[in-house]
Amino acid sequence: MAVTWVFGYGSLISKAGFHFDERVIGFIKDYRRVFYQGSTDHRGTPDFPGRTVTLEPAQGEICWGAAYKISKKEDQEVALTYLEVREKQYDRKEYVDVFTELTATTPAISGALVYIASPDKKVNVNYLGPASVEDIARQIVKAEGPTGPNREYLFLLENALLQIGSKDKHVIDLANEVRRIISEEQ
Ligand code: SIN
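In this text the structure is predicted, and so the values were computed from the model without any measurement.

Basis of the calculations
- Residues numbered from 1 in each chain as written.
- Predicted model: local features only at pLDDT ≥ 70, side-chain atom pairs only at ≥ 80, totals over all residues.
- Heavy atoms only, no water.
- Helix = DSSP H or I, 4+ residues; strand = E, 2+ residues; numbered from the N terminus.
- Expected span 1.5 Å × (residues − 1).
- Buried < 20%, exposed > 50% of the residue type's maximum accessible area, 1.4 Å probe, protein only.
- Arc of directions from axis to C-beta.
- Contact = heavy atoms within 4.5 Å.
- Salt bridge = Lys/Arg side-chain N within 4 Å of Asp/Glu carboxyl O.
- Phe/Tyr/Trp six-rings, centres within 6.5 Å; stacked < 30°, edge-to-face > 60°.
- Lys NZ or Arg CZ within 6 Å of the ring centre and 35° of its normal.
- Near = heavy atom within 4 Å.
- Polar contact = N/O pair within 3.5 Å; in protein donor to acceptor, adjacent residues only side chain to side chain.
- Areas by Shrake-Rupley, 256 points an atom, 1.4 Å probe, with all protein chains shown as cover.
- Nonpolar A, V, L, I, M, F, W, Y, C, P; charged D, E, K, R; others polar.
- Axes fitted to C-alpha atoms, helices over the stretch in contact; angles between N-to-C directions.
- Core = buried A, V, L, I, M, F, W, Y, C linked by side-chain atoms within 4.5 Å.

Caption draft 1: Quick look at helix H2 (residues 73-86). With 14 residues, H2 extends 20 Å between its outermost C-alpha atoms, agreeing within 8% with the 20 Å of an ideal straight helix rising 1.5 Å per residue. Those residues of H2 lying buried are Asp-75, Gln-76, Ala-79, Leu-83 and Arg-86. In an axial view of H2, the angular spread of the buried residues amounts to 100 degrees, which keeps them on one side of the axis. Turned more than 90 degrees off the buried face of H2, the exposed positions are Glu-74, Val-78, Thr-81 and Val-85. Contact partners of the buried residues in H2: strand S1 (4-8), helix H1 (11-14), strand S3 (50-70) and strand S5 (109-116).

Here it is, written out as structure tokens:
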């Protein structure tokens, strides 16, 4: 029976939401994590979208996250059905190699499923793309959706990355800017 691996780089790092047999901290190559995806179903609304992370191709860069092993066929079916709903605003599925050692040339895991929101507005109507740290942070401060405030998503991710020992400047800069704006408002 084929084993399924799912690689999470956003909310999936702190909350899988499905049954898994093993969790492996690792990274994928030639991608970076960016808060460029609009969220109208979890962390924002159609009237005021929030921002969540997607992956952008970036030659030579790496993106840390968590890979989940799902061994049993029944668990795979339940997990994939659940993820189809949770990640429905992510229009692309890729199969990536996951590495655990910076010096390794062969991956620890091959063909892990990852959900990506592409920058193609024709197929991904919610894509927002780049903006300044301040603009993205101001949007995150204001946005709130059925899953909760957008700032909570950012802080959970910041904390999850801290726990796996990964420093992501984009996430840290945004979290600091969001905290600055919040303290200014008080
Ligand atoms: C992921 O976590 O891998 C996808 C993006 C998200 O759900 O935050």
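Caption draft 2: Examining the pattern of salt bridges more closely. Under the defined criterion, the tally for this structure stands at 16 salt bridges. A salt bridge links Asp-173 to Lys-169; its shortest N-O distance comes to 2.6 Å. Linking Asp-173 with Lys-169, this pair stays in helix H5 (residues 169-185), spanning 4 residues, or about one helical turn. Between Arg-180 and Glu-177 there is a salt bridge; the shortest N-O distance is 2.8 Å.

Caption draft 3: Just the packing of aromatic side chains, in detail. Under the counting rule described, the total for this entry stands at 6 aromatic pairs. Among the aromatic residues, those joined into a cluster by ring pairs are Phe-18, Phe-20 and Tyr-68. Directly above the aromatic system of Phe-99 lies the positively charged group of Lys-29, at a separation of 4.0 Å from the ring centroid.

Caption draft 4: Expanded view of the site of the ligand. Every residue close to the ligand is listed here: Phe-7, Gly-8, Tyr-9, Gly-10, Ser-11, Leu-12, Glu-87, Tyr-90 and Tyr-153. Take Tyr-153: an N or O atom from its side chain is 2.5 Å from an oxygen atom of the ligand. When the ligand sits alone it has 250 Å² of accessible area, and the protein chains cover 97% of it. Per-class residue counts for the shell around the ligand are 5 nonpolar, 3 polar and 1 charged.

Caption draft 5: Inspection of unusual backbone geometry at higher detail. In this structure, Asp-30 takes a positive phi of about 65 degrees despite not being glycine. Tracing the backbone through its elements, the reader meets Asp-30 in strand S2 (residues 22-39).

Caption draft 6: Molecular detail of the packing of helix H3 (residues 133-142) against helix H4 (residues 150-163). Where H3 contacts H4, the two axes come as close as 6 Å, and the packing angle between them is 115 degrees. Contacts from Gln-139, Ile-140 and Val-141 of H3 reach H4 at Asn-150, Arg-151 and Leu-154. Each residue belonging to the contact of H3 with H4 can be placed in one class, and the counts come to 3 nonpolar, 2 polar and 1 charged.

Caption draft 7: The arrangement of the nonpolar core in detail. Grouped together as the largest cluster of nonpolar side chains are 50 residues, with contacts concentrated most on Phe-7, Tyr-9, Phe-18, Ile-28, Phe-35, Leu-55 and Leu-154. With 7 residues, the single largest contributor to this core is S3. Discounting chain neighbours no more than four positions away, the residues touching Leu-55 are Tyr-9, Ile-28, Tyr-31, Arg-32, Arg-33, Cys-63, Val-114 and Ile-116.

Caption draft 8: Region of interest: the side chain of Glu-87. Structurally, Glu-87 can be placed in the loop between H2 and strand S4 (92-98). Residue classification places Glu-87 among the buried residues on the basis of a relative accessible area of 8%. Filtering out sequence-adjacent residues up to four positions away, Glu-87 remains in contact with Ser-11, Leu-12 and Tyr-115.

Caption draft 9: Region of the structure containing the environment of Glu-94. With respect to the helices and strands, the residue Glu-94 is situated in strand S4. It is 5.3 Å that separates the C-alpha atoms of Glu-94 and Val-114, two residues lying 20 residues apart in sequence. If we ignore the near neighbours within four places in the chain, the residues touching Glu-94 are Tyr-31, Ala-112, Leu-113, Val-114 and Ile-116.

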